[in-house]
Amino acid sequence: IQNKNKHLESQAHQLLDLCQRLSEENADLRKQLGNMNGERAELIELKEKARNQVEGMITRLRSMENA
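Notes on the structure in this doc start here. (Residues numbered from 1 in each chain as written. Predicted model: local features only at pLDDT ≥ 70, side-chain atom pairs only at ≥ 80, totals over all residues. Heavy atoms only, no water.)

## With respect to the overall build of the protein chain
When you go through the protein chain residue by residue, the secondary structure sums to one helix and zero strands. What you see for the protein chain is a C-alpha radius of gyration of 29 Å, clearly larger than the 11 Å of a compact globule of 67 residues, by over 25%. Expressed along its principal axes, the backbone C-alpha trace of the protein chain runs to roughly 95 × 10 × 5 Å. When the 67 residues of the protein chain are sorted by exposure, 0% land in the buried category. Carbon and sulfur atoms form 55% of the exposed surface of the protein chain, whose accessible area is close to 6600 Å². Computed over 11 positive and 11 negative side-chain charges, the separation of the two mean positions in the protein chain equals 3 Å. (Helix = DSSP H or I, 4+ residues; strand = E, 2+ residues; numbered from the N terminus. Rg over C-alpha atoms; globule rule 2.2 N^0.38 Å. Buried < 20%, exposed > 50% of the residue type's maximum accessible area, 1.4 Å probe, protein only. Areas by Shrake-Rupley, 256 points an atom, 1.4 Å probe, with all protein chains shown as cover. Lys, Arg positive; Asp, Glu negative; His and termini not counted. Charge placed at Lys NZ, Arg CZ, Asp CG, Glu CD.)

## Comments concerning a nonpolar patch on the surface
A cluster of nonpolar residues, Leu-15, Leu-18 and Leu-22, forms a patch on the protein surface that exposes about 260 Å² of accessible area. Relative to the assigned elements, Leu-22 resides in helix α1 (residues 2–66). (Patch = residues over 30% accessible without salt bridge, like charges linked within 9 Å, V, L, I, M, F, W, Y side chains within 5 Å. Salt bridge = Lys/Arg side-chain N within 4 Å of Asp/Glu carboxyl O.)

## Considerations on the environment of Asp-28
Tracing the chain through its elements places Asp-28 in helix α1. By relative accessible area, Asp-28 is classed as partly exposed at 47%. Residues Asp-28 and Leu-8 lie 20 residues apart in sequence; the distance between their C-alpha atoms is 30 Å.

## Some details on the pattern of salt bridges
In a structure, side chains of opposite charge can pair up when their charged atoms sit close to one another. Evaluated as defined, the whole model comprises three salt bridges. Measuring nitrogen to oxygen at the nearest pair gives 3.6 Å for the salt bridge that ties Glu-45 to Lys-49. With Glu-45 and Lys-49 both in helix α1 and four residues apart, the pair spans about one turn of that helix. What makes Glu-45 partly exposed here is its relative accessible area of 44%. A relative accessible area of 47% places Lys-49 in the partly exposed class. When salt bridges that share partners are traced, they join Glu-48, Arg-51 and Glu-55 into one network.

This is the structure we're talking about:
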């Protein structure tokens, strides 16, 4: 019975350690996700600015052709 109790206690400690590691990993992944979402928003904004600049250049080129 004592061996069985020690085994169960060992398994309980392993389970608690695993839960702690998973909790820390989950927090790290959530932080990474937040950072990636921020980077994504910045890239979308940069893409939109570049698109507007290209459209402006095309408009100016077309107006030069027509002049």
